Amino acid sequence: MPALIASAALMIALIIPGVGFAADPDPADYPALSTEQMGHVRHMINIANDLPGDFELLGEIDPVYYMSFDAYQFQFAFAHYALASTHYHYTPAYRDLYKDTSAKLIKRMIYKDVWDYWAHVSKFDLTDRTETEAGEVMVNYTEEDWYGWIDPNIKKNIMYSGHLLQMVGLHESLFDDHRYDEPGSLTFRYAPVEYGQPPVEIKYDHNRLTTVIYDQFVEDHFRGIECERNAVYAECNQHPILGLMSHDLKHGTELSGEVRTKFKQVMQKRNYIDPETKSTMYFLKVKQDEVVPATYAWADGWNGHAQHVWDKEYIESIYPYQRERYIPSMLKGKPGENMGWTAPFDFGWFALLASEVGDKETVQLMSDYADANFSPTWIDGGLYYPFTPDYSYNFSRDENGLIQNVGPVTGNVLIGFSRINPADGLWHIYNRPFDSSHFASPHITDVDYLEASVTQAVFDSKKDALIVTLVPGPVASNNVSFTVRQLETAKTYELIKDEKSLGNISAEGQLPSGTRWQDNGSLLITTTLHEQSSFIIKAI
């Protein structure tokens, strides 16, 4: 008898709308952003939404004579990559917010204050410095060094152009949006060189940027492209490689394969990663053809997380040695110990590598450490770790031997990125890219950014079901709405909210309360949202 009662209850739950029943599909079976992860996402989107010239949360940058590792371009670029990972793994069926934010971050990258340092830095060979009693001087400084150049992409400066290429390539591959293929779509404007003249305009697009970068790899026999003059950094050359991979995917070119193969040959021959220590070099002095070795957590983390995309087995083979070197020694040492000039960003880039190779234990350890010691702060619905006021010159540990230096790129982006990014997060984006069926599948749009956060949006093609989870946003609202696009009008769908069927959706039948078809064929859903709610729209 109990079995018959249970069976009858099961049938009632399946047949009668409104009766609670464990959903199939179950939202719990799909990735969803936690409160903290969503907070990091919102902070990075807020950075993208800031007005041009608003760098208040990004630190103080004075790049006239040097290039800072906390530079604006790195914060915008890594925020872009973090949001790409978020969209791909958690919300692939929620596109418009991430597409718009991607474009805004690219726009911020080509804002003059971000890239015009190159007019100054391009005048100097920064590898040729030495300290004297009178201060730092250039040893072999000649008249030729007075003449830099304005264009930030045409030659060297891969620390900027490589990121721009990767960002543009990700935008095209994730959203099937070809706006940057249009001539002049990436236009750089520099202040006029003479009074009364118009600004200097330097016009690029995706194809021209790709060609300029690929040609530089070839010209220097795949040793890598210089960042500042005379210095090739392994990690900075990973980003244009990923950019070339995206270009190949969307344009049918075959550039990245050659660059990856030949650059890896140079890396091995010249020991860009030391085979004994497993450490990434500091840089290559190009004129001298001399590798400058180093042991930095930031270099291993930065290079490793990106090279893992196209050289997965190798990076995973050396990672255990790197982890043993830096963890836990990085986290605690002698009180007052000088950690060195890399202290503001060692932590963040190594955490990112740990996430990409799937070391969940280390990611959790470092996330907990940041929460305990880096003053986590919520502002405008976003979560970040404010940079310490003296991050650029005070590298000592605190009285307990803990890290007390947080730089902007670590606090604004890298810790959040590592917390969001799953194992093989970037690897999947490039090696399992979205295909045409993805862009034709049902998805949601038009969620008010202030009223609601989308922590999960997935279309399961095998179950022909769209799974969406919303949580209240920073601005309270009695009702929120979202639009469902690309439902098939010939099908009938069931709408389920929090395991309760609200009724069926079809082109002809009566619609559930709070839903209506719009003139463009999309479905508008309006609902109360006082706490987390999950929706399933499933073909029946």
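S.K.: Outline the pattern of salt bridges, supporting the account with residue identities and numerical values.
M.R.: According to the stated counting rule, one finds 21 salt bridges in the structure shown. In this structure, R419 and D371 form a salt bridge, with 2.6 Å as the shortest nitrogen-oxygen distance. Residue R419 is found in helix α15 (residues 408-420), and its partner D371 is found in helix α14 (residues 360-373); the two are separated by 48 residues along the sequence. Judged by relative accessible area, D371 falls into the partly exposed class, the value being 31%. Via salt bridges that share partners, D220, R223, R270 and D289 belong to a single interconnected network.

S.K.: Give me the lowdown on the nonpolar core, citing residues and values where you can.
M.R.: For soluble globular proteins, nonpolar side chains are generally found buried alongside one another. Among the nonpolar cores identified, the biggest contains 153 residues, and F78, W298, F347 and W349 are the most heavily contacted of them. The next biggest cluster of nonpolar side chains, apart from the first, holds 6 residues, and it includes Y30, V458, I467 and I496.

S.K.: Please provide a residue-by-residue account of the sheet that holds strand β12 (residues 465-472), values included.
M.R.: Pairing is antiparallel in the open sheet, where 5 strands are placed in the order β11-β12-β18-β14-β15. With partners counted over all chains shown, the strands left at the sheet margins are β11 (452-460) and β15 (500-505), one partner each. Going from strand to strand, the sheet's axes swing by 15° on average, the running direction of each strand aside.

S.K.: Before we move on, can you summarise the domain arrangement of the chain with the specific residues and values?
M.R.: As a measure of interface size, the accessible area lost when the parts come together is often cited. Domain boundaries in the chain define domain 1 (2-27 + 445-539) and domain 2 (31-431). On a C-alpha basis, the centres of domain 1 and domain 2 stand 40 Å from each other. With 17 residues of domain 1 at the interface, the matching set in domain 2 holds 18 residues. Between the two partners, domain 1 and domain 2, sit 0 salt bridges. Across the domain 1-domain 2 interface, the total number found is 9 residue pairs in polar contact (both at pLDDT 80 or more). Looking at which element gives the most residues to the side of domain 1 that touches domain 2, the answer is β11, with 8 residues.

Cut-off values and rules
- Residues numbered from 1 in each chain as written.
- Predicted model: local features only at pLDDT ≥ 70, side-chain atom pairs only at ≥ 80, totals over all residues.
- Heavy atoms only, no water.
- Salt bridge = Lys/Arg side-chain N within 4 Å of Asp/Glu carboxyl O.
- Helix = DSSP H or I, 4+ residues; strand = E, 2+ residues; numbered from the N terminus.
- Buried < 20%, exposed > 50% of the residue type's maximum accessible area, 1.4 Å probe, protein only.
- Core = buried A, V, L, I, M, F, W, Y, C linked by side-chain atoms within 4.5 Å.
- Pairing = 2+ DSSP bridges.
- Axes fitted to C-alpha atoms, helices over the stretch in contact; angles between N-to-C directions.
- Domains from an automatic or database assignment.
- Contact = heavy atoms within 4.5 Å.
- Polar contact = N/O pair within 3.5 Å; in protein donor to acceptor, adjacent residues only side chain to side chain.

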